[in-house]
Amino acid sequence: MAYSIHENIKQASTMPADFYLDSEVFTRSAESIFARSWHFIGQSAEYPATLNAFPHTLYPGFLEEPILLTRTPEGMRCLSNVCTHRGNLLMADAGKHRQIVCGYHGRRFSLEGQMTHMPEFGEVEDFPAACDHLAQYPLENWNGFYFTSPQPAFPFSEIAEVLDHKVGFLPWEEFRFDATRSRDYLVKAHWALYCDNYLEGFHIPFVHPDLNALLDFGSYYTELYPYLNLQVGLADGATEVFELPRDHEDYGKQVAAYYFWIFPNQMWNVYPWGLSVNVLQPLGPARTKVSFLSYVWDESKLAESAGADLDKVEREDEAVVEAVQRGLRSRHYTRGRYSPTREQGVHHFHRLLSQFLD
Ligand code: FES
Ligand SMILES: [Fe+2]
């Protein structure tokens, strides 16, 4: 089924309800959306220098792509974690190895992914061929934050350039993962409904009265880029704001937070104290794991910052998103319309969804 969203927000209708309910569309979106976009896989400090091989599965049970990060003399690589012989998973745990050895029949690979040895294959013709080496995935490093993609439909520079431009001035090398401020939530809703809600500040006065007191909702605005968008939260005076450099395009504005949404399922909330990344892991059409990962660089700014009370805001968002998931099942609801002044981000997301699903 095709989902078309009119390019003119004033004429457009929202994503039809069955997109969020249909399990076949849900399954298809792993390939058509998630396999073709970029995914954050941790900060360099989360890959200890004492080890050199780090297995990881992208979206277990959904995309289910087994990857292996290796540290080589030329830098980090992102390889397939699947043996090219009969498909065994190569590594289960992070470790330090001189080579990668398959535990099934002993095929060996270098940390660069080259097949170096295979027992009992002396008589095999045309061996090894290119496909006997481990597949490589693109690995991008944005200021120490790693991203990869199985089959990217657009270059990573589409993301990096916007982040550089807006928040490149922050001391990213000082950002440290803070486990005490990181947690997972299980939401009984489709992952895209969670995005829809994130992508508009329209609901803030209704759903988040406390947050609304900190942010100047009237001057909250959205900027659209091809594969991400940005909501800028302006402060009223009592809240911590960024000390923007003089040559920054927002210099002079009281910016309390930059809320980046990166297609399709990541949010990068940048505050004066640091970064809160939200990654959505689709578990089912009405089940999503939301991981909050906090990276702090200036503890002193935490108390007065817009992102300090994340837990309360999150609970309020979950409740409304779960109510929408139930509402969509109604025989009397199919789709709605967009506010041209407050829902540009939602419209942008739905346009991208329909483009990637076709
Ligand atoms: S599956 Fe790896 S050596 Fe056979
Ligand atoms: Fe919200």
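Residues numbered from 1 in each chain as written. Chains lettered and ligands numbered in written order. Predicted model: local features only at pLDDT ≥ 70, side-chain atom pairs only at ≥ 80, totals over all residues. Heavy atoms only, no water.

Quick look at the coordination of the iron ion (ligand 2)
Working reference: metal with six octahedral donors, ideal angles 90 or 180 degrees; metal with four tetrahedral donors, ideal angle 109.5 degrees. Taken together, the protein donors to the iron ion (ligand 2) comprise His203 (NE2), His208 (NE2), Asp317 (OD) and Asp317 (OD), at separations of 2.0 to 2.7 Å. Coordination geometry of the iron ion (ligand 2): the 4 donor atoms subtend angles of 54 to 152° at the metal centre, consistent with an arrangement described as irregular. Each donor residue of the iron ion (ligand 2) belongs to the same chain, with the gaps between them written as H-x4-H-x108-D. Placement of the pair is His203 in the loop between helix H4 (191–198) and helix H5 (204–207) and Asp317 in helix H7 (residues 310–327), with a sequence separation of 114 residues. Note on accessibility: His203 and Asp317 belong to one class, buried. (Donors = N, O, S within 2.8 Å, 3.2 Å for Na, K, Ca; no water. Tetrahedral: all angles 85-135°; square planar, octahedral: opposite > 155°, others 65-115°. Helix = DSSP H or I, 4+ residues; strand = E, 2+ residues; numbered from the N terminus. Buried < 20%, exposed > 50% of the residue type's maximum accessible area, 1.4 Å probe, protein only.)

Brief notes about the side chain of Ser291
Within the fold, Ser291 resides in strand S18 (residues 287–296). Here the side chain of Ser291 touches Asp184 through a polar contact of 2.9 Å, side chain to side chain. Discounting chain neighbours no more than four positions away, the residues touching Ser291 are Arg183, Asp184, Val277, Asn278, Val279 and Gln281. (Polar contact = N/O pair within 3.5 Å; in protein donor to acceptor, adjacent residues only side chain to side chain. Contact = heavy atoms within 4.5 Å.)

A word on the sheet that holds strand S5 (residues 100–101)
To summarise the sheet geometry, strands pair through backbone hydrogen bonds and adopt either a parallel or an antiparallel arrangement. Judged by pairing direction, the sheet is antiparallel, and its 3 strands sit side by side in the order S5-S6-S7 without closing on themselves. Looking at the sheet topology across the chains shown, the edges are occupied by S5 and strand S7 (115–117). Summarising the sheet, strand S6 (residues 108–109) and S7 pair through 2 bridges and their orientation is antiparallel. Considered in S7, the bridge of Phe109 is made with Met115. (Pairing = 2+ DSSP bridges.)

What to know about the nonpolar core
With 99 residues, the main nonpolar core has Trp142, Phe145, Trp191, Tyr258, Phe260, Phe263 and Trp268 as its most contacted residues. Among the elements that make up this core, the one with the highest residue count is strand S15 (residues 255–262) (8 residues). Leu90, Met91, Ile100 and Met115 belong to the second-largest nonpolar core, a separate cluster that totals 13 residues. (Core = buried A, V, L, I, M, F, W, Y, C linked by side-chain atoms within 4.5 Å.)

Quick notes on the sheet that holds strand S8 (residues 136–137)
Spatially, S2-S3-S4-S8 is the arrangement adopted by the 4 strands of the open sheet, whose pairing is antiparallel. Because the sheet does not close on itself, it has two edges, and the strands there are strand S2 (53–58) and S8. Pairing of strand S4 (residues 75–80) with S8 involves 2 bridges; the strand directions are antiparallel. Bridged to Leu79 within S8 is Gln136.

Overview of the packing of H4 against helix H8 (residues 344–357)
Taken N-terminus to C-terminus, the directions of H4 and H8 make an angle of 150°; their axes are 8 Å apart at the nearest point. Judged by the sense of rotation from one axis to the other, the crossing of H4 with H8 is right-handed. Of H8, the residues touching H4 (which contributes Trp191, Ala192, Cys195 and Asp196) are Val346, Phe349, His350 and Leu353. (Axes fitted to C-alpha atoms, helices over the stretch in contact; angles between N-to-C directions. Left-handed = near helix turned anticlockwise from the far one by under 90°.)

Digging into the state of the cysteines
Here is the idea: a disulfide is a covalent bond, and it sits between the sulfur atoms of two cysteines. Evaluation of the coordinates by the stated rule reveals 0 disulfides. No disulfide involves Cys78; its nearest neighbouring cysteine sulfur is the one of Cys83, lying 17 Å away. Here Cys78 falls in the buried class, since its relative accessible area comes to 1%. (Disulfide = S-S within 2.5 Å.)

Examining helix H2 (residues 23–34)
Across its 12 residues, H2 extends 16 Å between first and last C-alpha, which sits within 8% of the 16 Å expected from 1.5 Å per residue. Along H2, the positions that sit buried rather than exposed are Val25, Phe26, Ser29, Ala30, Ser32, Ile33 and Phe34. If you follow the buried residues of H2, they end up packed against helix H1 (17–21), strand S1 (39–43), H4, strand S17 (274–284) and H8. With a side-chain oxygen lying 2.7 Å from the backbone nitrogen of Glu24, the N-terminal cap of H2 falls on Asp22. (Expected span 1.5 Å × (residues − 1).)

Some remarks on unusual backbone geometry
Only a minority of non-glycine residues have a phi that is not negative, and only a minority of peptide bonds are not trans. Geometrically, the link from Phe127 to Pro128 is a cis peptide bond, its omega value of -5° lying close to zero. Following the sequence through the fold, Pro128 ends up in the loop between S7 and S8. Backbone torsion omega between Phe263 and Pro264 reads 0°, so that peptide bond is classified as cis. Tracing the backbone shows Pro264 in the loop between S15 and strand S16 (266–271).

Digging into the packing of H2 against H8
Relative to each other, H2 and H8 sit at 100°, their axes nearing to 9 Å. With respect to H8, the element H2 is oriented roughly perpendicular. Contact with H2, carried on its side by Arg28, Ser29, Ser32 and Ile33, involves Leu353, Phe356 and Leu357 of H8 and no other residues of that element. Taken together, the residues that form the contact of H2 with H8 break down as 4 nonpolar, 2 polar and 1 charged. (Parallel < 35°, antiparallel > 145°, perpendicular 65-115°, else oblique. Nonpolar A, V, L, I, M, F, W, Y, C, P; charged D, E, K, R; others polar.)

Some details on the pairing of strand S3 (residues 65–72)
A large share of S3 lies buried, amounting to 6 of its 8 residues. Two elements, S2 and S3, share 6 bridges in a ladder whose sense is antiparallel. Looking at S3, one finds that Pro55 is bridged to Leu68. When S3 meets S4, the two strands line up antiparallel, connected through 6 bridges. By the bridge assignment, Thr72 is partnered in S4 with Gly75.

Observations regarding the side chain of Ser276
By the secondary structure assignment, Ser276 is in strand S17. Exposure remark for Ser276: the relative accessible area of 0% places this residue in the buried category. A polar atom in the side chain of Ser276 sits 3.5 Å from the side chain of Asn278. If sequence neighbours within four positions are ignored, Ser276 has contacts with Met267, Trp268, Asn269, Tyr271, Phe292, Leu293, Ser294 and Leu310.

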